[in-house]
Amino acid sequence: MHARVAQFTLIAPLSGLIVPIENVPDPVFAQKMVGDGISIDPTSNELLAPLSGTIIQLHAAGHALTIRSEEGIEILLHIGIDTVVLKGEGFSPQVNEGDKVTAGQLLIRFDPDVVGRKARSLLTQIVITNGERIARMNYASGYAEAGKSTLLTLEPATQPAGTGSMVEIFAPLSGVLFPLENVPDPVFAQKMVGDGVSLDPTSSELLAPVAGTVTNLHSAQHALTITTPDGLEILIHIGIDTV
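Residues numbered from 1 in each chain as written. Predicted model: local features only at pLDDT ≥ 70, side-chain atom pairs only at ≥ 80, totals over all residues. Heavy atoms only, no water.

K.L.:
Quick question: what am I supposed to make of the sheet that holds strand S1 (residues 8-11) here?
P.N.:
Paired through their backbone hydrogen bonds, the strands of a sheet run either parallel or antiparallel. One open sheet accounts for three strands, arranged S1-S14-S12; its pairing is antiparallel. Each of the sheet's edge strands pairs with one partner strand only, and the pair in question is S1 and strand S12 (134-139). Put simply, the sheet's adjacent strands are angled 25° from each other on average, direction ignored. (Pairing = 2+ DSSP bridges. Helix = DSSP H or I, 4+ residues; strand = E, 2+ residues; numbered from the N terminus. Axes fitted to C-alpha atoms, helices over the stretch in contact; angles between N-to-C directions.)

K.L.:
Sorry, what's going on with the nonpolar core here?
P.N.:
What tends to happen in soluble globular proteins is that the nonpolar side chains get buried as a cluster. In terms of nonpolar packing, the biggest core is built from 36 residues, with Leu10, Leu65, Ile67, Leu107, Ile126 and Leu154 touching the most fellow members. Residues within four places of Leu107 in sequence aside, it is in contact with Leu47, Leu48, Ala49, Ile55, Leu65, Ile67, Leu77, Pro93, Gln94, Val95 and Val101. Core analysis: the second largest hydrophobic core is formed by 13 residues, Ile21, Val34, Ile81 and Met192 among them. (Core = buried A, V, L, I, M, F, W, Y, C linked by side-chain atoms within 4.5 Å. Buried < 20%, exposed > 50% of the residue type's maximum accessible area, 1.4 Å probe, protein only. Contact = heavy atoms within 4.5 Å.)

K.L.:
Sorry if this is basic, but what is going on with the side chain of His218 here?
P.N.:
For His218, the location among the structural elements is in the loop between strand S17 (213-217) and strand S18 (223-227). Given the relative accessible area of 3%, His218 is considered buried. One polar contact links the side chain of His218 to the main-chain amide nitrogen of Ala220, over a distance of 3.0 Å. Leaving out residues up to four positions away in the same chain, His218 has contacts with Pro27, Gln31, Met33, Ala223 and Val243. (Polar contact = N/O pair within 3.5 Å; in protein donor to acceptor, adjacent residues only side chain to side chain.)

K.L.:
So what exactly am I meant to see when it comes to the sheet that holds strand S3 (residues 36-42) here?
P.N.:
Taken in spatial order, the eight strands make up an open sheet running S9-S5-S6-S7-S11-S3-S2-S13, and their pairing is antiparallel. Each edge of the open sheet carries a strand with a single partner, namely strand S9 (100-101) and strand S13 (143-144). Pairing of strand S2 (residues 16-20) with S3 involves five bridges; the strand directions are antiparallel. Directly across from Gly16, in S3, lies its bridge partner Pro42.

K.L.:
I keep staring at the pattern of salt bridges and nothing clicks. Help me out?
P.N.:
Between side chains of opposite charge, a pair can form as their charged atoms come close. Taken as a whole and judged by the stated rule, the model has eight salt bridges. Linking Lys32 and Glu22 is a salt bridge whose minimum nitrogen-to-oxygen distance equals 2.9 Å. With Lys32 in the loop between helix H1 (27-30) and S3 and Glu22 in the loop between S2 and H1, this pair connects stretches of sequence that are 10 residues apart. Taking the relative accessible area as the measure of exposure, Glu22 reaches 45% and is therefore partly exposed. The partner of Glu74 in a salt bridge is Arg68, and the shortest N-O contact between them spans 2.8 Å. Since its relative accessible area comes to 37%, Arg68 is described here as partly exposed. One salt-bridge network, held together by shared partners, links Glu22, Lys32 and Asp36. (Salt bridge = Lys/Arg side-chain N within 4 Å of Asp/Glu carboxyl O.)

Taken by themselves, the reported measurements are silent on function.
Written as structure tokens, this is what we have:
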């Protein structure tokens, strides 16, 4: 039996023009390698919480964080494009990992002049990183007002009672296993995309680690996502900066 799950909304974390995520000039976001969501071209400089939850990850460069809602939905908020190279310049986080926040609470204050001059874009992404938990997503359009406008309406997926068994993932390559935290790329090392593991390969053929459907193949052909019949999404990304 499936229980009926009510929809819930994410409010705009910034004021600005709403942009479809497919139009973001970064293939990691545009091709939904991180997850589905939406972008804002900001006219404000204070990032607000789009919903209540817990800060489970705050990037060391202060430009991005992840909130987990009470329903278990994980939302990545990423200010700008290539802002990790600023190494924190222009960003002032107002929260710490582990903090509980309420919708509309100030999370990060940033200097739009500094970030706008030194980063490729100020476009800010709001992404659901565990999309298997979402059945439907409705996107707003037009202009958003921070803390007031509804940006996304989500309907959580339901699972039949008794589901949730372990899934075994096989090695897609031969090689030495590495903790993800040791990967020399903060997007992976700080688990912005999600948790997992890394391989230093000694083979050259990437194999499917699980049975499922290829739901995303990167245009550069260096990465893909497989979705299992249970809705688990697994990103396999060959190399660093291979895009």
